[in-house]
Amino acid sequence: DRYGRRRVISLSVVIACVPPVLYTLSTQWLDVIPWGILYAVAFALYMPSRMAIVADYTPTEQLIRVYSILNLAWPIGSIIGPTLSGLLESQYGWNAVFYVATILHGFAILPAFVLPTPLTSTTEQYRQPPRLDRTFLVPLLPFFFFNVCIGLGIGSVEAITPIFLINSFQIS
């Protein structure tokens, strides 16, 4: 809360865009280690802020349901990501995978700019019985998209990084 949730989300996305590009510049396998750590830091920043932002938009009675819906996006991206990586690598080479992952992470910053001001406990909507309808879910759709993009990026990079290291640096 001290730095602002949207700022932290935005920072995590910007940080997540950097390692895949730097993977393409690696000349030895040791070069990849700090970028992998930076990649992990980006997602460590993202998770608590995402949970707090979702809580801002969701009545307490609906939090479990909304978290469940939003968490569906991770596996969607993570399932499609390795397939996407394989197709990109076979057609365009290793660098294409990392560049596409960077672009996907870049798209993930959009929700930080399009989310409306969150509800507070004093607003009239919170006093009504909680509903999980279209008007309630629309503000959370950008986050669903965000999670799919992040899942695709992670799934793309994490799945192929060991193969990339073996092929590029003859590591076994």
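Here, the structure is the one placed above.
Residues numbered from 1 in each chain as written. Predicted model: local features only at pLDDT ≥ 70, side-chain atom pairs only at ≥ 80, totals over all residues. Heavy atoms only, no water.

K.L.:
Got a minute to help me understand the packing of helix H1 (residues 5-24) against helix H5 (residues 94-107) in this structure?
P.N.:
Geometry of a packed helix pair, given as the angle between the helix axes and the separation of the axes. Direction vectors running N to C along H1 and H5 enclose 170°, while the axes themselves pass 8 Å from each other. Between H1 and H5, the angle is such that the two are roughly antiparallel. Between H1 and H5, the residues in contact are Val-13, Ala-16, Cys-17, Pro-20, Val-21, Tyr-23 and Thr-24 and Asn-95, Phe-98, Tyr-99, Ala-101, Thr-102, His-105 and Gly-106, respectively. (Axes fitted to C-alpha atoms, helices over the stretch in contact; angles between N-to-C directions. Helix = DSSP H or I, 4+ residues; strand = E, 2+ residues; numbered from the N terminus. Parallel < 35°, antiparallel > 145°, perpendicular 65-115°, else oblique. Contact = heavy atoms within 4.5 Å.)

K.L.:
Before we go on, may I ask you to explain the packing of aromatic side chains in this structure?
P.N.:
Any aromatic ring pair is given by two values, namely how distant the centres are and how the planes are angled relative to each other. Scanning all chains against the criterion turns up 6 aromatic pairs. Consider the rings of Tyr-39 and Phe-43, whose centres lie 5.2 Å apart with planes at 75°: the pair is edge-to-face. Pair noted here: Tyr-39 and Phe-43 are both in helix H2 (residues 32-57), with a separation of 4 residues, about one helical turn. Here the two residues Tyr-39 and Phe-43 agree in accessibility, since each one is buried. When the centroid spacing of 4.6 Å and the interplanar angle of 35° are considered together, the rings of Tyr-46 and Phe-146 count as tilted. Within this pair, whereas Tyr-46 is found in helix H2, its partner Phe-146 is found in helix H9 (residues 141-169), the two being separated by 100 residues in sequence. By relative accessible area, which is 1% here, Tyr-46 ends up buried. Overall, Phe-146 belongs to the buried group, its relative accessible area being 0%. Pairwise contacts between aromatic rings join Tyr-23, Trp-94, Phe-98, Phe-164 and Phe-169 into one cluster. (Phe/Tyr/Trp six-rings, centres within 6.5 Å; stacked < 30°, edge-to-face > 60°. Buried < 20%, exposed > 50% of the residue type's maximum accessible area, 1.4 Å probe, protein only.)

K.L.:
How should I be thinking about a nonpolar patch on the surface in this particular structure?
P.N.:
Together, Trp-29, Leu-30, Ile-33, Ile-37 and Val-41 make up an exposed nonpolar region whose accessible area comes to about 450 Å². By the secondary structure assignment, Ile-37 is in helix H2. (Patch = residues over 30% accessible without salt bridge, like charges linked within 9 Å, V, L, I, M, F, W, Y side chains within 5 Å. Areas by Shrake-Rupley, 256 points an atom, 1.4 Å probe, with all protein chains shown as cover. Salt bridge = Lys/Arg side-chain N within 4 Å of Asp/Glu carboxyl O.)

K.L.:
Can you walk me through the environment of Ile-15 in this structure?
P.N.:
Among the structural elements, Ile-15 can be located in helix H1. Judged by relative accessible area, which is 16%, Ile-15 ranks as buried. Sequence spacing of Ile-15 and Val-41 is 26 residues, and the spatial spacing of their C-alpha atoms is 8.1 Å. Excluding anything up to four places from it in sequence, Ile-15 contacts Leu-38, Ala-42 and Leu-45.

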